[in-house]
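# Working through the structure, step by step
The residues making up each chain are set out below.
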Amino acid sequence: MYRMRSLINKIFILLVLGTIVHLAFIIYFPTYMMWKFDRDIASTSVNKIIHSDKVDSNSRTVIRPSPDLLYSVCAYDATYSPVVITSKVLDSYWAMSFYASNSDNYAIINDLDIADDDVKVYLFGPNSKPTKITDGYAIFSPSNKGAMLIRRFLGNESNIDELYENQETLTCDSLDN
């Protein structure tokens, strides 16, 4: 009887510890990954665009990249001023995704949402100064820092030059610049 009770206590303690470790991982790992992104990329390239070439087996700028897509990323800081993001919109698949500092994806705009050939996004952080806008989309970030990722469809790569030209139209700057 004592052995059985001891075994049940050990199993209970193991389950409680496993649950605590699991919850800690779920809560803190995304924040850690964005902190690492901030340390490695955003610390030197805040509100600047980083373009990637075609994805190959060694590509890891984007986590789990698709070889069918061409990527650009902007680590943003909207602490004091909104960030203005502009780009030409392609006729093929094109999507702009926004990630908070804890890696939550809080907004997506794609080619089906935009009727024009150009897009202009004003990205506001919780502490950004109020700004009147009349010529673009307003997106409100739950954190002052984060990342914006643009994906473009490569297809059979017959339009690769057009995609590289589209990368060059992308801007990501503080409104105060």
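Just above sits the structure.
Our subject in this report is the structure included herewith.

Calculation criteria
Residues numbered from 1 in each chain as written. Predicted model: local features only at pLDDT ≥ 70, side-chain atom pairs only at ≥ 80, totals over all residues. Heavy atoms only, no water. Salt bridge = Lys/Arg side-chain N within 4 Å of Asp/Glu carboxyl O. Helix = DSSP H or I, 4+ residues; strand = E, 2+ residues; numbered from the N terminus. Buried < 20%, exposed > 50% of the residue type's maximum accessible area, 1.4 Å probe, protein only. Arc of directions from axis to C-beta. Contact = heavy atoms within 4.5 Å.

With that out of the way, let us pick up the pattern of salt bridges. Note on pairing: side chains with opposite charge can pair once their charged atoms come close. Across all of its chains, the model carries 3 salt bridges by this definition. Between aspartate 118 and lysine 88 there is a salt bridge; the shortest N-O distance is 3.1 Å. Taken as a pair, aspartate 118 in strand E6 (residues 118-124) and lysine 88 in strand E3 (residues 83-88) lie far apart in primary sequence, 30 residues in all. Accessibility expressed as a relative area gives 41% for aspartate 118, which makes it partly exposed. Residue classification places lysine 88 among the partly exposed positions, given a relative accessible area of 40%. A salt bridge links lysine 129 to aspartate 176; its shortest N-O distance comes to 3.0 Å. Separated by 47 residues along the polypeptide, lysine 129 in the loop between E6 and strand E7 (137-140) and aspartate 176 in the segment after strand E9 (171-174) bring together distant segments of the chain. A relative accessible area of 38% means that lysine 129 is categorised as partly exposed.

With that out of the way, let us pick up helix H2 (residues 160-169). If you check which residues of H2 are buried, you get Ile160, Leu163, Asn166 and Gln167. Axial view of H2: buried residues confined to an arc of 115°, hence all on one face. Every exposed residue of H2 that faces more than 90 degrees away from the buried side is listed here: Asp161, Glu165 and Glu168. Buried-residue contacts for H2 involve strand E1 (49-51), strand E2 (69-77), E3, strand E4 (94-100) and strand E8 (145-153).

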